[in-house]
Each structure stands twice: as C-alpha cells, then as structure tokens.
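Here's the letter readout for the chains.
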Amino acid sequence: MKLKYIFIFPPLFVLTACGAKSRQEQQTVTADTTDLIRQRSYTASDRKMTASDTLPTYVDRFSKADSMLVCRILRETVPLRRRLSHGQLILKVARIFVGTPYVAHTLDRNTDEKLVVNLHGLDCTTFIETVTALVLCIERDEIRFSDFVHQLEQIRYRGGKTGYLNRLHYFHWWLEDNVRMGFIAEINTPVPPFTAVQTLKINYMTLNAPAYDMLKNSPERVAGLKKLEDASNGTRIRYIPKSQLGNSGLLKTVVRDGDIIAIVTSKRELDTTHLGFAVWHRDGLHMLNASSLEQNGRQVIEPVETFYHYMMSHPSSIGIRIARIR
C-alpha cells in the first residue's frame with residue numbers, strides 16, 4: 001500500500017519511562033511537535049513508568065512526544081471503551097489526529113527498513129495504521145508504548161515481520177494479510193451494492209523503481225517485489241462502484257461508522273489511491289482522512305463535503321473497498 005496516495009525478535013532494550021526515547025537513539029522534538037504537545041496538555045503521569053517496557057532494537061528513532069501521546073491516548077481511552085460502540089471508539093481515536101500535518105514518505109527515510117513510529121506527520125496509510133493499532137490495543141486494555149509498537153509492526157508487515165519486502169505496500173496486500181492475522185475483516189457482500197469486480201494488475205512500484213529511495217539502487221529488492229506483485233495479479237476483487245455511492249439507504253446496510261474505506265482506481269498498475277475512515281453525517285457518508293490536498297490544508301481532516309461529492313470530482317476513482325477493524 002505504499003503509493004502514499006495510493007496511497008521490525010532480535011535483542012531488546014529497556015525503556016526507563018512510558019514516554020522515554022531509546023538509549024541508543026535520540027531525537028530532538030521539533031517546533032511543530034512542541035506546538036502539538038502544548039495542544040494536547042501532557043501531564044506528569046504520561047511520563048511516569050508504570051511497568052517494565054521493552055522495544056525491539058530495530059525501531060527507528062521516535063520523538064518523546066510520540067511515545068507520550070501514545071501512552072496518553074491508551075491510558076485515557078481504555079476506561080471509555082465499554083461505554084462506546086466499536087465504531088464510536090474508532091472515530092474517537094481517529095479524531096484525535098484531526099489537524100495533524102500530512103507528511104508523505106515517512107517510512108522511506110532509512111537505508112535499511114526500520115519500524116517507524118511517527119504520530120505527528122501522517123499520510124493516508126500511516127493514519128489508518130496508527131488508529132488501527134491504537135484501537136486494537138485499547139480493545140485489549142493495553143496501555144504501554146511497547147504494546148502499541150508491537151501492534152503497529154503486526155499491522156504494517158506481512159506476518160508481523162519487518163523488512164522492506166514484507167511491508168504491505170499495496171492496500172490489497174495490507175487487507176489480505178491483516179484479515180489472515182485476525183485484525184481486520186473484509187466486507188464484500190451483499191450484492192448489491194458490491195456489484196463491480198476489479199482484476200488486479202499491480203506493478204506500479206517496480207515499474208517506477210527510480211522514484212522510490214529504497215528501490216532505486218537495489219535491484220534485489222525490485223526483483224523480490226516484482227515476484228510479490230505478479231503473484232497478486234489476476235486476483236478478482238469485488239467492490240462498490242461509484243454509481244452506488246449516492247444511495248445512502250443501501251450504503252448504510254453495509255458501511256458503518258469507523259469502517260476503512262479504500263478508493264479503487266482506474267489508474268494503471270494500481271489497486272487503490274486513497275484511504276480513510278467512514279463517518280455518517282445527516283447529509284450522508286463522509287471520509288475522515290489524511291489529505292494531501294492544499295484545499296484541505298494538507299492535514300488530517302473530517303471534511304464538510306460528502307464522500308459522494310468527493311468521488312464525483314475524481315474521474316479515476318471508480319468505487320470503494322470496505323474493511324472493518326475487528
């Protein structure tokens with residue numbers, strides 16, 4: 001699911017506090033992050049160690065603000081989960097990130113693959129992954145930063161094992177593996193509204209390898225990735241066509257608040273181009289998403305416009321796939 005718009009158990013080291021940085025790697029909190037910290041009003045309890053906490057050594061550098069934010073979200077939301085429906089819980093967590101800057105390619109800034117944790121700059125994929133990992137932790141009453149990191153790894157990589165070739169670059173790969181892992185359910189019935197079929201032809205990354213920092217000087221990765229792409233090609237996927245999106249009555253029978261929406265595309269060599277969470281308003285379905293559009297401020301946004309209106313203004317967007325956090 002790379003395509004930003006399209007859209008790592010080795011040795012362990014010990015954290016000395018819930019929001020601590022690793023001893024091996026330090027990172028200065030940026031001005032933007034400092035502003036976000038002020039907005040979210042961290043307390044001393046966010047920094048206090050409550051249990052022994054360990055992280056794998058292949059976690060990339062992360063800011064103290066990121067670990068503190070994770071701990072605070074988990075600590076404050078776990079007590080609420082029995083009072084909220086599953087969909088309400090997902091949207092409560094997702095809305096915490098409204099206003100967070102859209103930042104592309106945050107997973108591709110190392111020579112070797114590392115597990116990146118960045119809650120202060122999100123693209124449409126990392127937004128979905130972050131919220132999903134948080135929700136799954138909350139549903140299990142887990143409140144440690146290491147719980148979140150482990151869950152994020154399980155979601156992002158095939159079989160939960162880090163590696164560039166194991167990263168689930170295409171949405172189809174992400175959905176297929178997370179269904180297998182038991183984290184996500186695919187919704188593809190009834191018919192209607194799932195009346196359209198997409199036959200996968202996904203070779204975008206290998207055909208455009210020079211555009212990817214971690215592929216352009218690595219023919220071995222390109223060859224390995226192409227085998228994975230080709231293994232998926234020919235798979236037939238059922239989805240809801242754009243023509244059905246104006247029928248809110250029908251859509252409400254299958255799309256729930258908090259469901260993951262993946263926009264199916266007609267663009268060559270891709271399966272999807274954008275992701276977000278379903279939100280029902282009085283005027284119809286909306287999509288809470290990390291938007292790269294200038295008109296949306298390049299940030300996580302719950303837009304005023306309906307999802308139907310958005311889809312109608314994008315000719316290459318031909319329908320949607322639906323997934324649901326378990």
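On a predicted model such as this, the values are computed, not experimentally measured, just so you know. (Residues numbered from 1 in each chain as written. Predicted model: local features only at pLDDT ≥ 70, side-chain atom pairs only at ≥ 80, totals over all residues. Heavy atoms only, no water.)

Student: What should I look at first to understand the packing of helix H5 (residues 124–139) against helix H6 (residues 145–156) in this one?
Tutor: Two quantities define a packed helix pair, namely the angle between the axes and the distance from one axis to the other. Two elements in contact, H5 and H6, have axes separated by 9 Å at closest approach and are oriented at 125 degrees. Considering the angle they form, H5 stands oblique to H6. The two elements H5 and H6 meet at a crossing, and its hand is right-handed. Contact residues: Thr 126, Glu 129, Thr 130, Thr 132, Ala 133, Leu 134, Leu 136 and Cys 137 in H5; Asp 147, Phe 148, Gln 151, Leu 152, Ile 155 and Arg 156 in H6. Class assignment of the residues belonging to the contact of H5 with H6 gives a composition of seven nonpolar, four polar and three charged. (Axes fitted to C-alpha atoms, helices over the stretch in contact; angles between N-to-C directions. Helix = DSSP H or I, 4+ residues; strand = E, 2+ residues; numbered from the N terminus. Parallel < 35°, antiparallel > 145°, perpendicular 65-115°, else oblique. Left-handed = near helix turned anticlockwise from the far one by under 90°. Contact = heavy atoms within 4.5 Å. Nonpolar A, V, L, I, M, F, W, Y, C, P; charged D, E, K, R; others polar.)

Student: Would you mind going over the pairing of strand E7 (residues 272–281) with me for this structure?
Tutor: Within a regular beta strand, the side chains point alternately toward one face of the sheet and then the other, so they alternate between its two faces. Across the ten residues that make up E7, a large majority, nine, are buried. Relative to E7, strand E6 (residues 260–265) runs antiparallel, the two being bridged by five bridges. The partner of Val 264 across the bridge, within E7, is Thr 272. As paired elements, E7 and strand E8 (residues 284–290) share five bridges and run antiparallel to each other. Residue Phe 277 lies in a different strand from E8, and its bridge partner there is Leu 288. Between E7 and E8, which pair antiparallel one after the other, the connecting turn spans two residues. (Buried < 20%, exposed > 50% of the residue type's maximum accessible area, 1.4 Å probe, protein only. Pairing = 2+ DSSP bridges.)

Student: Mind showing me how you'd approach the packing of aromatic side chains here?
Tutor: When we look at a pair of aromatic rings, we describe it by the centre distance and by the angle of the planes. If you walk through the whole model with that rule in mind, you get seven aromatic pairs. Judged by centre distance (5.0 Å) and plane angle (50 degrees), the ring pair of Phe 62 and Phe 145 falls under tilted. With Phe 62 in the loop between strand E2 (53–56) and helix H3 (64–77) and Phe 145 in helix H6, the pair connects residues that are 83 residues apart, well separated along the chain. Phe 145 gets classed as buried once you look at its relative accessible area, which sits at 0%. For the pair Phe 307 and Tyr 310, a centre-to-centre distance of 6.3 Å together with 15 degrees between the ring planes defines the contact as stacked. Of this pair, Phe 307 and Tyr 310 both sit in helix H11 (residues 307–312), separated by three residues, roughly a single helical turn. Across the pair, Tyr 310 and Phe 307 agree in class, each one buried. An aromatic cluster of at least three residues, connected via ring pairs, comprises Phe 62, Phe 145 and Phe 148. The positively charged end of Arg 158 is found above the aromatic ring belonging to Trp 173, 5.2 Å away from the centroid. Positioned over the ring face of Tyr 164 is Arg 221, at 5.3 Å from the centre of the ring. (Phe/Tyr/Trp six-rings, centres within 6.5 Å; stacked < 30°, edge-to-face > 60°. Lys NZ or Arg CZ within 6 Å of the ring centre and 35° of its normal.)

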